[in-house]
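Structural overview
Each chain is listed here by its residues.
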Amino acid sequence: MGTGTSATAASAVGHAEVLPALGRFDDFAEVVGVKKPGGRGCWCMAYRDSRVPVEERPDYMRDQCATAPGPGVLAYLDGVPVGWCSVAPRSTYRRLMHSRTIPFVDERDAWSAVCFVVRGGYRRRGLMHVLLEGAVAHAAAHGAAVVEGYPVEVGEDERVDVISGYVGTTRLFEAHGFVRAAPTTGHSGGRRRWVMRRELA
């Protein structure tokens, strides 16, 4: 098992624990990896470096999980890995550094929470809230001054599908103290995305 600061949070499913992915590649692969032989999955590489060939992505992320501070955090219920949030300095995401749709707010290297995955059978139980708070705690433990995300805008009672909702929603981020820092020209599932920030220092 890896080392690092643990962030825990209560949720609708009882008590979930959020831990850094450092030293936990097998658990990361259980949540995010492609199970079907020959399957072509993202492996959470779309923002990091989509140029990496599909067949090389598991090894790339294995290396990421072996290198501090790790590529994100994992949520556990009763020791079972059930969720994932990719959170790391923006400078480590090639797509964000070259994005034409998601602007930079200032010159600080914000930590970016770019992707959420909750395993089938565990959805709609509040785990994205647990993951986001754990991601913030992980970033803070590694000296982050500010954390940002790029969620889709939703109304009060709206729900989004899994495909377009992987970036989170404005409602989710607002519930954890994030504020709208800048509009983007980006969309997910036809919905407008925002740069949302939470100051830590």
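Concerning the nonpolar core
- In terms of nonpolar packing, the biggest core is built from 29 residues, with Phe25, Phe28, Leu74, Trp84, Leu96 and Val114 touching the most fellow members.
- Those elements giving two or more residues to this core turn out to be helix 1 (25-32), helix 2 (57-65), strand 3 (72-77), strand 4 (80-89) and strand 5 (111-118).
- Residue contributions to this core peak at five residues, all from helix 1.
- Apart from residues lying up to four places away in sequence, Leu74 is in contact with Glu17, Val18, Leu19, Ala21, Arg24, Asp27, Phe28, Val31, Gly83, Trp84 and Leu131.
- Among the nonpolar cores identified, the runner-up in size contains 26 residues, and Cys85, Ala113, Ala135 and Val136 belong to it.

With respect to the pattern of salt bridges
- According to the stated counting rule, one finds 11 salt bridges in the structure shown.
- With a shortest N-O distance of 3.0 Å, Arg108 and Asp106 are connected by a salt bridge.
- The class of Arg108 is partly exposed, set by a relative accessible area of 35%.
- By relative accessible area, which is 28% here, Asp106 ends up partly exposed.

Some thoughts on the pairing of strand 5
- Here strand 5 lies mainly inside the structure; seven of its eight residues are buried.
- In terms of strand pairing, strand 4 meets strand 5 through seven bridges, oriented antiparallel. Within strand 5, the residue paired with Trp84 across the bridge is Val117.
- With three bridges joining them, strand 5 and strand 6 (residues 146-149) adopt parallel strand pairing. The residue bridging Ala113 from the neighbouring strand is Gly149, located in strand 6.
- This β-α-β element, strand 5 to helix 4 (residues 127-141) to strand 6, shows right-handed connectivity.

What counts and what doesn't
Per chain, the residues get numbers from 1 upward, laid out in the order the sequence is written. In keeping with the model being predicted, local features are shown solely for residues with a pLDDT of at least 70 and side-chain atom pairs are shown and tallied solely at 80 or more, while totals for entire chains, interfaces and linings include all residues. Side-chain descriptors were evaluated using all non-hydrogen atoms of the structure, hydrogens and water having been removed beforehand. Residues belong to one nonpolar core when they are buried, are Ala, Val, Leu, Ile, Met, Phe, Trp, Tyr or Cys, and are joined through side-chain atoms within 4.5 Å. Each residue's exposure class comes from its accessible area (1.4 Å probe, protein chains only) as a fraction of the maximum for that residue type: buried when under 20%, exposed when over 50%, partly exposed otherwise. The helix count covers DSSP runs of H or I at least four residues long, the strand count covers runs of E at least two residues long, and both are numbered beginning at the N terminus. The contact definition used throughout considers only heavy atoms, calling two residues in contact when any of these lie within 4.5 Å. Whenever a carboxyl oxygen of Asp or Glu lies within 4 Å of a side-chain nitrogen of Lys or Arg, that contact is scored as a salt bridge. One bridge is not enough; two strands pair if DSSP finds at least two bridges between them. With the strands pointing away from the viewer, any crossover whose connection runs clockwise from the first strand over the helix to the second is right-handed.

As far as function goes, none of this settles anything; it's purely spatial.
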